Amino acid sequence: MSRNVVQPNAWVVIRLPNDNIRLLEIVPNTTISLGKYGSFPTNLVIHRPYHLTYEVQEQEEGENYAKLRIVPAAELNADALVDTTAEDEAAQIDDVMEAKDGQELALADDEADIMARVDRAITDENARQTLTPDEIEELKRKGTAAGKELIEKLLLSHTAIDQKTMYSLAKYKLAKERKHMRRFTILPLDVTALAQWMLEDKDAGKILEMRQEAMALIGCWADVHFGGEPIEGLNSPHGGRWLVVDDTSGLLVAALAERMGLLHQEKEEDAVATTEAEAQAEDVEPANEDGEPAAKKAKLAPTNPKRPPRDDLEDHYAQTNTITLIHSNPQPNISLLRYFGFDASEINPPLPYHPLFTHILPISWLQLLEPEKDHTYAARPEDVPADVVAGWKTNRRGNYHRKRRRWARAKQIVDSTRAGGFTGLAIASTMDNVSILKHTLPLLAGGSPVAIYSPTIEPLAQLADCFSIPRRAAWSSTPPPGTEGKSLKELETWAGSDEFPVNPTLLVGASIQTSRARPWQVLPGRTHPFMMGRGGADGYIFTGWRAIPAEGRITARGKYQKKRTEGN
């Protein structure tokens, strides 16, 4: 399938020998530079499968570019396939060698692990490496085989290489390969790789330092999944509909869309295959390879999203499997979605549409709370007869249809959002969580899950206290002033007080959790966590479920018999 190979103009992940990653766009007829690891033309990797490891070869005389060599799996795993059963067990356990004269000084490799102990007069590894830095640089310039010859000479030039055990030798060789081997692996871009790249190489604060573990927890606790196909003849919103507040530049939306199957766009060749299948199902002659039937040229139909509306005022968005994004600015900040081929600023994208074009519904807080004050929603364009519009100039006619379509999109989003009935709520925002829940909880269906992310625990602890059992008991026994005589519907939108910032009966099962996976080195007798991991916020998740309070007082019925205890 097309998603298993590198596509032109697609963003990919390139993993380097030192385990660092880079995000690059594969633009045809250009050159990719990997710094000290070399450069190569992008056309050499286009339409090649993912997960292949390449070596950048030396540019030979008379050639205009460096070639790539696919490294076979047997070569990549050569060290793991070596038979070590004949090794001395004692040598495998002890990684420390004594100097001949008894004077010792610990020698550490790049990972700060002790590999050998040498004389105090020798203070660094270069004393045992006979190659000087100048000679190493000269070998880099004149060397071939993508750095393999340099590593072999480094090993042969080490005077104490015979004193190393199997593990210390493997670690020494691995450190040199990460430094000198000109290899790289191309991987498909996913949300976890994008989050890692933002955390380690870009601005971690832009995504609120959200880690992979936090994204997984939000998706699980918010029960995000494929919401089902649209029901024929049903025009009202239904199915899987999630409400989202995202201040992570679109990372949270991307994580949820990936779980719903909306993140990746269907490629052109897949659209052609689907168009042919639909034509055969309808007993219509399919288009040829050029997309041209017998009569006239035909455009590719949008296979994944719904068809474009025939009328300006027709519904523009899907009714199910949607993400309704509430934002504070005039336009939502979901810039990270561009790495997956979706541009939110493009109002009229070409066919075939990206799935998010009809499944992500942006709405501002003003449109949600006071839609009559929003000019886009309140000002409906006038209806002009079609014959009059046909006589207008092209620019005037285009502006007329554009305004009507913009109003129709805003009306559909606002009306469907304010109608409520959402499947779940996911939040990752710098805003006050209490104020967010005050306006979003009434929009959820009964039993819908709520998942809120925060880099620190203090805001979530205050939120959990608002829905604690003692606060619900105080609400039931002594209702706050101003709630007398109000219906349950009115209490859902209650403004709150100092004692009760939000109605505590709207959410049950409030809890806070966190999870962080740390890398470990696992070797016989050498299992320990890596102590040089990245710092920053661990991230915490608040979870709960939307409750529909029962109307009236709840009383227990039935016979109650006190159990006898010993001594009675």
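Note that the structure is a prediction, hence the values are computed from the model and not measured.

Asks: When you look at the pattern of salt bridges in this model, what are you seeing that I'm missing?
Replies: Side-chain pairs of opposite charge can arise whenever the charged atoms involved come near each other. Under the counting rule described, the total for this entry stands at 11 salt bridges. Notably, a salt bridge pairs Arg-404 with Asp-383, separated by 2.7 Å at the nearest N-O pair. Placement of Arg-404 in helix α14 (residues 394-419) and of Asp-383 in the loop between α12 (375-378) and α13 (386-390) is noted, with a sequence separation of 21 residues between them. When its relative accessible area of 52% is taken as the criterion, Asp-383 is described as exposed. Note that Asp-538 is salt-bridged to Arg-516, the shortest N-O span being 2.5 Å.

Asks: What exactly am I supposed to notice about the confidence of the model for the protein here?
Replies: It should be kept in mind that the predicted coordinates are not to be read in detail where pLDDT is low. Per-residue confidence for the protein averages 79 on the pLDDT scale, and 74% of its residues sit at or above 70. Here residues 86-127 is a poorly scored stretch, pLDDT under 50, and it has 72 contacts once near neighbours within four places are set aside; other chains count. Long-range and interchain partners of residues 271-306, a stretch whose pLDDT sits below 50, account for 41 contacts in this model, where long-range means more than four residues apart.

Asks: How should I be thinking about a nonpolar patch on the surface in this particular structure?
Replies: Together, Trp-221, Val-508 and Trp-545 line one region of the surface with nonpolar side chains, adding up to about 240 Å² of accessible area. Relative to the assigned elements, Trp-221 resides in helix α7 (residues 212-221).

Asks: How do you make sense of the sheet that holds strand β18 (residues 540-546) when you look at a structure like this?
Replies: Neighbouring strands of a sheet are bound in pairs by backbone hydrogen bonds; such pairs are parallel or else antiparallel. Taken in spatial order, the 7 strands line up as β12-β11-β10-β13-β14-β18-β15 in an open sheet, and their pairing is mixed. If you trace the sheet from one side to the other, it starts and ends with β12 (360-364) and β15 (507-513), each paired once. With direction set aside, neighbouring strand axes in the sheet form an average angle of 15 degrees. In this structure, strand β11 (residues 322-327) lies alongside β12, joined through 5 bridges in parallel fashion. Across the sheet, His-327 pairs through a bridge with Ser-364, a residue of β12.

Calculation notes
- Residues numbered from 1 in each chain as written.
- Predicted model: local features only at pLDDT ≥ 70, side-chain atom pairs only at ≥ 80, totals over all residues.
- Heavy atoms only, no water.
- Salt bridge = Lys/Arg side-chain N within 4 Å of Asp/Glu carboxyl O.
- Helix = DSSP H or I, 4+ residues; strand = E, 2+ residues; numbered from the N terminus.
- Buried < 20%, exposed > 50% of the residue type's maximum accessible area, 1.4 Å probe, protein only.
- pLDDT = per-residue confidence, 0-100.
- Contact = heavy atoms within 4.5 Å.
- Patch = residues over 30% accessible without salt bridge, like charges linked within 9 Å, V, L, I, M, F, W, Y side chains within 5 Å.
- Areas by Shrake-Rupley, 256 points an atom, 1.4 Å probe, with all protein chains shown as cover.
- Pairing = 2+ DSSP bridges.
- Axes fitted to C-alpha atoms, helices over the stretch in contact; angles between N-to-C directions.

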